[in-house]
Amino acid sequence: MEGKLIRMIPIAIIIQNSGKVTTRTGPRPTEITTPQVEDRGDEMSDKWDKRFLELAKHISLWSKDPSTKVGCVVVGEDREIRSTGFNGFPRGIEDDDGRLSDRAQKYPLICHAEENAIMHAARVGVSLKGNTAYVTWPPCSRCTRSLIQAGIEEVVFPKELDIPDRWQDDFAIAMSMMSEAKVSVRQV
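Residues numbered from 1 in each chain as written. Predicted model: local features only at pLDDT ≥ 70, side-chain atom pairs only at ≥ 80, totals over all residues. Heavy atoms only, no water.

**Student:** I'm lost on the side chain of S83 in this one. Help?
**Tutor:** Secondary-structure assignment places S83 in strand 6 (residues 81–86). When its relative accessible area of 3% is taken as the criterion, S83 is described as buried. Engagement of the side chain of S83 in a polar contact is seen with the backbone oxygen of A117, the distance being 2.6 Å. Once residues within four sequence positions are removed from consideration, S83 is found in contact with C72, V73, V74, A117, H120, A121 and L128. (Helix = DSSP H or I, 4+ residues; strand = E, 2+ residues; numbered from the N terminus. Buried < 20%, exposed > 50% of the residue type's maximum accessible area, 1.4 Å probe, protein only. Polar contact = N/O pair within 3.5 Å; in protein donor to acceptor, adjacent residues only side chain to side chain. Contact = heavy atoms within 4.5 Å.)

Structure representation (structure tokens):
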């Protein structure tokens, strides 16, 4: 069941008939609100969701970024892994500690996990249309654009996350974009 966006505030989007998930950023709780999705009531599906999120978490450890490690696993309708990605520099770009520790140098160079998964699939000729993306963090607006354009139909990420304040506004925009584009969002 999809919720209807009724207002946006700086740290969350509020969606009618939605399930709210509270996360922590520092001492105050923040909310990432996603459209309510009917409980599938399928233990096997729940098990696979957890497996794919655990795999995304494992893949996130491949990132050399000292501040944030994010992983993404894109899965087809038969639970086959179509692509994976983690946040890091493009192929052939030196990812030394100096660049990774300096945000002014890092941000223009880094590819987010979702972008890397999408670009890897394109590189090897794999369509992601109709697939599900399992990510260790909610997608930012930049990655959300790419997920929508790649044809991803569902995004799944963990319920309990520590999201820094600097990402709150952008995640709210991303959730609004996915709602408008009819991309299902679930938190497991």
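**Student:** Honestly, the sheet that holds strand 6 in this entry has me stumped. Any pointers?
**Tutor:** Two modes of strand pairing occur in sheets, parallel and antiparallel, and in both the strands are linked by backbone hydrogen bonds. Pairing is mixed across the open sheet formed by 5 strands, whose spatial order is 6-5-7-8-9. Both edges of this open sheet fall to strand 6 and strand 9 (184–187), since each of them pairs with a single strand only. Within the sheet, the average angular offset between the axes of one strand and its neighbour, ignoring direction, is 15°. (Pairing = 2+ DSSP bridges. Axes fitted to C-alpha atoms, helices over the stretch in contact; angles between N-to-C directions.)

**Student:** What should I look at first to understand the pattern of salt bridges in this one?
**Tutor:** Working definition: two side chains of opposite charge can pair if their charged atoms are close together. The final tally for this structure, using the stated rule, is 6 salt bridges. Close ionic contact of R186 with E154 constitutes a salt bridge, the shortest N to O distance being 2.5 Å. Here E154 lies in strand 8 (residues 154–157) and R186 lies in strand 9, a separation of 32 residues in the sequence. Across the pair, E154 and R186 agree in class, each one buried. (Salt bridge = Lys/Arg side-chain N within 4 Å of Asp/Glu carboxyl O.)

**Student:** Would you explain the packing of aromatic side chains in this entry?
**Tutor:** Any aromatic ring pair is given by two values, namely how distant the centres are and how the planes are angled relative to each other. Considering all chains together, one arrives at 5 aromatic pairs under this definition. The structure contains a cluster of three or more aromatic residues connected by ring pairs, namely W48, F52 and Y134. The ring of W48 carries the charged tip of R51 above its face, separated from the ring centre by 4.7 Å. (Phe/Tyr/Trp six-rings, centres within 6.5 Å; stacked < 30°, edge-to-face > 60°. Lys NZ or Arg CZ within 6 Å of the ring centre and 35° of its normal.)

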